[in-house]
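# Working through the structure, step by step
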Amino acid sequence: MKRPKFDPKQAPGAVADWADQRLAGASPLRKLFNKVFPDHWSFMLGEIALYSFIILLLTGTFLAFFFTPSSAEVVYNGSYVPLRGISMSQAYASALNISFDVRGGLVLRQIHHWSALLFMAAIVVHMLRTFFTGAFRRPRELNWMVGFLLFWLGFLEGFAGYSLPDDALSGTGLRIADAIMLSIPVIGTWVSFAIFGGEFPGGDRIFSLLYIGHVFLIPGIILALIALHLALLVKQKHTQWPGPGRTEHNVVGHRMFPGFAAKGGGFFMIVFGVLALFGGLIQINPIWLFGPYKAAVVSSASQPDWYVMFLDGSTRLMPPWEIRIHLFNHGYTVPPIFWPTVVLPGILVGLGLLYPFLEQRFMRDRAHHNLLQRPRDVPTRTGLGAMAVTFFVVLTLSGGNDVIADKFDISLNAMTWAGRIGILILPPLAYYLAHRIALGLQQHDREVLAHGVETGIIKRLPNGAFVEVHQPLAAPDEHGHTELPYRGWVVPKKMNRIGAIGPAVKGFFVAVEKPEEPREVEAEEQREELTSGRR
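These figures come from a predicted structure and were not determined experimentally.

### Describing the nonpolar core
- In this structure, Leu-96, Phe-119, Phe-155 and Ile-222 are the most contacted members of the largest nonpolar core, which totals 75 residues.
- Among all residues touching Phe-119, those that are not within four sequence positions of it are Ala-49, Ser-52, Phe-53, Leu-56, Gly-154 and Ile-222.
- Counting five residues, the second largest nonpolar core, distinct from the first, contains Val-448, Leu-449, Val-453 and Val-491.

Here you go:
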């Protein structure tokens, strides 16, 4: 009997059919592949965070093969000559070996660090986009809470990561963490002993905890939350910007497969390429310059990564207010560091998680929303966001006030007091300015809808007065006004946005002095028709 001839063109279909008969995955995959994603650039911010996390997992797996999480003392005899013969922990020695003796170790370690910074930056910018556009409103409150928790988990993951090498910088960070634990009333000492296995710096216990947390526990939780985040994204309808043809009940964009998947694959390669360039060309966290951690050695300008600096800043700005309390015939001291490092993060986490419900309560808006809002249309929320951003910026700058004072020859005390005054004055000022600017921009949109687009043409009236000619966006009434409703869409502000004149001549890629290209007669006639409004 002659065997059927193998047809390679039929092979993919046959394999898919074989798998579908056993897994019944065709229906859910069809629904997933047909999901439509809007193509606005702002939706790519979350993708940057996702791709950075994938790169973090890949590079972190490589580094884990060569890292030794131990505080046992060894004498370094590796390739870095200035530290040969120096006693140090095995953790620091293995980090040096990864940097100088493992093939490709340094570039992968730097890609890992740059990926962590980009991951946190993408999360923050993505959250700002979600906040200012109202993408967290019903039914996406749970997804907002998941994203907010991802930031704080990334915060812990980053802290555990740069504490592992046991260099002078990471050891200083652990010492501060121990001081924060000790500041907790009643249970602070027990917490510190439980984490460090005794008095700071303890033994291998802290490195074992940090290693398990950084390599297994926290990445696992982050991965589970990202999966939940994406599952909710697929289950719920994707948000989109308002515009013609876009309603609360549809999504305009590209299907998951093949359009969005192809663009996403290309974008992942771009993110990976940029991080590879950063890791290969720009030095970051040179632990060999800091040296091994010694509890008695402290250097100036010891700064954490940027997303931790706001806590450093809040600690520096806190006045030395020490509180004594008496409980059960025992006196307890609450040191000043407790308020900016324990109470403040607790308040920030609570406010962030509950903000969607607080806005629903005070705005009385419990409707189902799929269309985004422009920040100018919600001035109160825009003002609150500007106030929060200013609050973090002041604290972040205060976290490096010693470096600023040193480089610009300013008194450190003056920097501290400037931060204390700034944290009280600047956030309310930012709220006021953002609120007023949002109202002004919204009012300008409404004026354009009522009076038309400014043309730059000045007309002199018979009585001698000068007025500017406006191009109405619809048929005007006897008073020259149009009654177009304000829908929260982008309103054209320039003549070329409504096709009345040709595109503006650019001065960057096209020289301003370049003469205008001669146009076809037919195109000129069409342009005249558009300008005169006969079409």
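### Focus on empty space enclosed by the protein
- Evaluation of the coordinates by the stated rule reveals one cavity of 30 Å³ or more.
- In this model, the largest cavity occupies a volume close to 60 Å³.
- The wall of the largest cavity is formed by Phe-136, Arg-137, Arg-138, Pro-356, Glu-359, Gln-360, Asp-365, Arg-366, Ala-367 and His-369.
- Of the residues contributing to the lining of the largest cavity, the split by class is three nonpolar, two polar and five charged.

### Focus on the packing of aromatic side chains
- In total, this model carries 29 aromatic pairs according to the counting rule given.
- When the centroid spacing of 5.3 Å and the interplanar angle of 75° are considered together, the rings of Phe-196 and Phe-200 count as edge-to-face. As far as the burial class goes, Phe-196 and Phe-200 line up, both buried.
- On the numbers, 5.2 Å between centres and 70° between planes, the contact of Phe-338 with Trp-339 is edge-to-face.

### Description of the side chain of Arg-137
- Position of Arg-137 relative to the elements: it lies in the loop between helix 5 (105-132) and helix 6 (141-163).
- Of the side chains bearing the opposite charge, Asp-365 lies closest to the buried Arg-137, which forms no salt bridge; the N-O distance is 4.1 Å.
- Of the polar contacts made by the side chain of Arg-137, one reaches the backbone oxygen of Leu-371; its length is 2.7 Å.
- Reaching out from Arg-137, the side chain makes a polar contact with the side chain of Gln-373 at a distance of 3.3 Å.
- The contact partners of Arg-137, leaving out residues within four places of it in the chain, are Glu-359, Asp-365, His-369, Leu-371, Leu-372, Gln-373 and Arg-381.

### Some words on the pairing of strand 6 (residues 330-334)
- Pairing between strand 5 (residues 323-327) and strand 6: five bridges, direction antiparallel. Note that in strand 6 the partner of Ile-325 across the bridge is Tyr-332.
- Where strand 5 folds back on strand 6, the antiparallel hairpin that results is connected by two residues, among which Phe-328 adopts a positive phi of roughly 55°.

### Some details on the pairing of strand 8 (residues 466-471)
- Bridge count for strand 7 (residues 453-460) against strand 8 is five bridges, and the pairing is antiparallel. Residue Arg-460 lies in a different strand from strand 8, and its bridge partner there is Phe-466.

### Considerations on the environment of Phe-155
- Here Phe-155 shows up in helix 6.
- Given a relative accessible area of 9%, Phe-155 falls into the buried group.
- Sequence spacing of Phe-155 and Leu-429 is 274 residues, and the spatial spacing of their C-alpha atoms is 29 Å.
- Ignoring sequence-local partners within four residues, the contact set of Phe-155 consists of Met-120, Tyr-307, Val-308, Phe-310 and Leu-311.

### Focus on helix 10 (residues 256-281)
- Here helix 10 spans 35 Å end to end across 26 residues, near enough to the 38 Å set by a 1.5 Å rise per residue.
- Every buried residue belonging to helix 10 is among Met-256, Phe-260, Gly-264, Phe-267, Phe-268, Val-271, Leu-275 and Gly-279, and all of these are buried.
- On its buried face, helix 10 is in contact with helix 2 (26-33), strand 1 (36-37), helix 3 (44-64), helix 5 and strand 4 (254-255).

Each value, and the rule that gives it
- Residues numbered from 1 in each chain as written.
- Predicted model: local features only at pLDDT ≥ 70, side-chain atom pairs only at ≥ 80, totals over all residues.
- Heavy atoms only, no water.
- Core = buried A, V, L, I, M, F, W, Y, C linked by side-chain atoms within 4.5 Å.
- Buried < 20%, exposed > 50% of the residue type's maximum accessible area, 1.4 Å probe, protein only.
- Contact = heavy atoms within 4.5 Å.
- 1 Å grid on protein atoms, 1.4 Å probe; cavity = no way out; pocket = protein on both sides within 12 Å on 5 of 7 lines; lining within 4 Å.
- Points joined across faces, edges and corners; volume = space filled by probe spheres on them.
- Nonpolar A, V, L, I, M, F, W, Y, C, P; charged D, E, K, R; others polar.
- Phe/Tyr/Trp six-rings, centres within 6.5 Å; stacked < 30°, edge-to-face > 60°.
- Helix = DSSP H or I, 4+ residues; strand = E, 2+ residues; numbered from the N terminus.
- Lys, Arg positive; Asp, Glu negative; His and termini not counted.
- Salt bridge = Lys/Arg side-chain N within 4 Å of Asp/Glu carboxyl O.
- Polar contact = N/O pair within 3.5 Å; in protein donor to acceptor, adjacent residues only side chain to side chain.
- Pairing = 2+ DSSP bridges.
- Expected span 1.5 Å × (residues − 1).

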